[in-house]
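# Report on the structure
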Amino acid sequence: MSSAQLRFEDIKILEDKLQNAQPPEELHLRAKAQIERLARVAQSAGFSQEYDQTLRYLDWVVSLPWNKSSQEILSIDHAKKTMETNHYGLVQVKEKVMEYIAVASLKKSKGEKIKAPAFLLVGLVGTGKTTMAYSIAQALGRQFGRIPLGGMGDALQLRGKSKFYPDAEPGQIIKVLRRVGVNNPVILLDEIDRIAQEAKADIMGVLVELLDPEQNSKFLDYFVDFPVDLSQVLFITTANNISGIAQAVIDRLELIEMPSYSDEEKIIIGKNYLFQRAMFASGLSASDLTIQEDVWSLIVRPLGFDAGTRTLDRTINGICRKVAKLKVQGTNPKLILTKDNIREYLPNW
């Protein structure tokens, strides 16, 4: 097949995708005109930078979920069960999600649309901020996308770069929408307090537009060069503290504190959540390892107190890996951890 034939094949695919994508009428007409221009350019021999740039731009336009939404699960019981399965405690966060579901359900019954709120989960490392965002998406039956903001040094990473530049590409928001394939996902903006200092003012300005329900219905990505409706996106942001976040951004968020866990809470989380995951990850069966009740206090705090559960998770996984090694070697196929032998399996620093 000649290069000209390949080009016409590309154009035919674009035309079909444009019909299915159903972008706003103005953008549809603009894209249709550019496809017609592509057809004329395709008749010329040789390489054309204009052809490649226009083709790439149109491919993004026709691949975005302009009118495609996932069916949201507006069930308080389902949300409660999902979040209880994934997280112990965190009552305030769960209550906020169930309040949103209740309001959305009432408005839907009246045929009204609800603009999704934006949450800010604030807490120390390991308190479950990121995993809670996953749980919220699962509870609502929505697709999930994550954008790490820690160290981000250019607002164009969110806003995109004009298609007229050789290295142009959309911003992270548009990339997430294309990846999840719906216009109402949960998007996690992770670590918004750790943006690079030199770009903080510009990025905070973009965040104000993203997180404001009065503005994000017409979010402008410089690459797409057309307002994109983000009003159905549920934004969740996370931070260790709010000192590095612009007040204008905080004003547009519902702040929810993620508390530190007590030793008693960590024991429950370790026994009922982390231990089963670690056993599965290590390839162990339930009969391979038993941990006596009075041992958990030593597992929870082997080196002192920390606010979250990451150290606890590492400790439990480390124990399971040691037991997996013993099982493979055949030296100790069934192990019961007691106060007498637990020190052999805890980390040593």
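Remember, predicted model here, so these are calculated numbers, not experimental data.

### Description of the side chain of Ser231
- Mapped onto the secondary structure, Ser231 falls in the loop between strand 5 (226-228) and strand 6 (234-239).
- Here Asp229 takes part through its side chain, which lies 2.7 Å from a polar atom of the side chain of Ser231.
- Polar contacts involving the side chain of Ser231 include one to the side chain of Gln232, which spans 3.4 Å.
- For Ser231, the contacting residues outside a window of four places in its chain are Lys115, Ala116, Asn216 and Ser217.

### So, the packing of aromatic side chains
- For the structure on display, the rule yields four aromatic pairs.
- Between Trp66 and Phe226 the ring centres are 6.5 Å apart and the planes differ by 80 degrees, which places this aromatic pair in the edge-to-face class. Placement of Trp66 in the loop between helix 3 (49-63) and helix 4 (76-86) and of Phe226 in strand 5 is noted, with a sequence separation of 160 residues between them. With respect to class, Trp66 is no different from Phe226; both count as buried.
- For Lys163, the ring lying beneath its charged end belongs to Tyr57, and the centroid distance is 4.6 Å.
- Over the aromatic face of Trp60 sits the side chain of Arg178, whose NZ or CZ is 4.5 Å from the ring centroid.

### A word on the environment of Ile136
- Along the chain, the position of Ile136 falls in helix 6 (residues 129-140).
- We classify Ile136 as buried; its relative accessible area is 1%.
- Sequence separation of Ile136 and Leu29 is 107 residues, and the distance between their C-alpha atoms is 38 Å.
- For Ile136, the contacting residues outside a window of four places in its chain are Val93, Val97, Leu234 and Ile236.

### Here's the deal with the packing of helix 3 against helix 8 (residues 172-180)
- Closest axis-to-axis distance for the helix 3/helix 8 pair is 10 Å, and the angle between their directions is 60 degrees. By the angle class used here, helix 3 and helix 8 are oblique. Counting all contacts with helix 3, which are made through Asp59, Trp60 and Ser63, the residues of helix 8 involved are Ile174, Lys175 and Arg178.

### Observations concerning the sheet that holds strand 1 (residues 118-122)
- Reading across the sheet, the five strands line up as 2-3-6-1-7 and stay open at both edges, with parallel pairing between neighbours. Sheet topology places strand 2 (144-148) and strand 7 (254-257) at the edges, where each strand pairs with a single neighbour. Across this sheet, the average inter-strand angle for adjacent strands is 20 degrees, counted without regard to direction.
- Here five bridges tie strand 1 to strand 6, and the two strands are oriented parallel to one another. Among the inter-strand pairings, Ala118 is bridged to a residue of strand 6, identified as Phe235.
- Sitting on the sheet, helix 6 touches strand 1, strand 2, strand 3 (186-190) and strand 6, and the angle it makes with strand 6 is about 165 degrees.
- Packing against the sheet, helix 9 (residues 200-211) makes contact with strand 1, strand 3 and strand 6, and its axis sits at approximately 140 degrees to strand 6.

### Here we look at the nonpolar core
- Counting 59 residues, the largest nonpolar core has Leu189, Leu207 and Phe235 as its most contacted members.
- Among all residues touching Leu207, those that are not within four sequence positions of it are Leu149, Leu158, Leu189, Ile195 and Val249.
- The next biggest cluster of nonpolar side chains, apart from the first, holds 51 residues, and it includes Ile269, Ile316, Cys320 and Tyr345.

### Some thoughts on the confidence of the model for the protein chain
- Here the protein chain averages 88 in pLDDT, while 94% of its residues score no lower than 70.
- Here helix 1 (residues 3-21) is the element of the protein chain with the lowest mean pLDDT, 78, and helix 8 is the one with the highest, 97.

### Observations regarding the pattern of salt bridges
- What the rule picks out here adds up to 19 salt bridges.
- In this structure, Asp59 engages Arg178 in a salt bridge whose closest nitrogen and oxygen atoms are separated by 3.1 Å. Taken together, the residues Asp59 in helix 3 and Arg178 in helix 8 connect sequence positions 119 residues apart.
- Judged by its relative accessible area of 24%, Asp59 falls in the partly exposed class.
- Of the charged contacts, one joins Glu209 and Arg159 as a salt bridge, the two residues approaching to 2.9 Å between their closest N and O atoms. Of this pair, Glu209 sits in helix 9 while Arg159 sits in helix 7 (residues 156-159), and the two are 50 residues apart along the sequence.
- Salt bridges here are not isolated pairs; linked through shared partners, they connect Glu26, Arg30, Lys163 and Asp225.

### Digging into the environment of Leu253
- Checked against the element boundaries, Leu253 lands in the loop between helix 10 (247-250) and strand 7.
- Those residues in contact with Leu253, other than ones at most four positions away along the chain, are Ala118, Phe119, Leu120, Ile192, Leu211 and Thr237.

### Overview of the packing of helix 11 (residues 263-282) against helix 13 (residues 310-329)
- Between helix 11 and helix 13, whose axes approach to 9 Å, the crossing angle comes to 40 degrees. Considering their axes alone, helix 11 and helix 13 lie oblique with respect to each other. Between helix 11 and helix 13 lies a crossing whose hand is right-handed. Residues Lys266, Gly270, Leu274, Phe275, Ala278, Met279, Ala281 and Ser282 of helix 11 touch helix 13, and the partners they reach there are Leu312, Asp313, Ile316, Asn317, Cys320, Arg321 and Ala324.
- Looking at side-chain class alone, the contact of helix 11 with helix 13 contains nine nonpolar, three polar and three charged residues.

Criteria and cut-off values
- Residues numbered from 1 in each chain as written.
- Predicted model: local features only at pLDDT ≥ 70, side-chain atom pairs only at ≥ 80, totals over all residues.
- Heavy atoms only, no water.
- Helix = DSSP H or I, 4+ residues; strand = E, 2+ residues; numbered from the N terminus.
- Polar contact = N/O pair within 3.5 Å; in protein donor to acceptor, adjacent residues only side chain to side chain.
- Contact = heavy atoms within 4.5 Å.
- Phe/Tyr/Trp six-rings, centres within 6.5 Å; stacked < 30°, edge-to-face > 60°.
- Buried < 20%, exposed > 50% of the residue type's maximum accessible area, 1.4 Å probe, protein only.
- Lys NZ or Arg CZ within 6 Å of the ring centre and 35° of its normal.
- Axes fitted to C-alpha atoms, helices over the stretch in contact; angles between N-to-C directions.
- Parallel < 35°, antiparallel > 145°, perpendicular 65-115°, else oblique.
- Pairing = 2+ DSSP bridges.
- Core = buried A, V, L, I, M, F, W, Y, C linked by side-chain atoms within 4.5 Å.
- pLDDT = per-residue confidence, 0-100.
- Salt bridge = Lys/Arg side-chain N within 4 Å of Asp/Glu carboxyl O.
- Left-handed = near helix turned anticlockwise from the far one by under 90°.
- Nonpolar A, V, L, I, M, F, W, Y, C, P; charged D, E, K, R; others polar.

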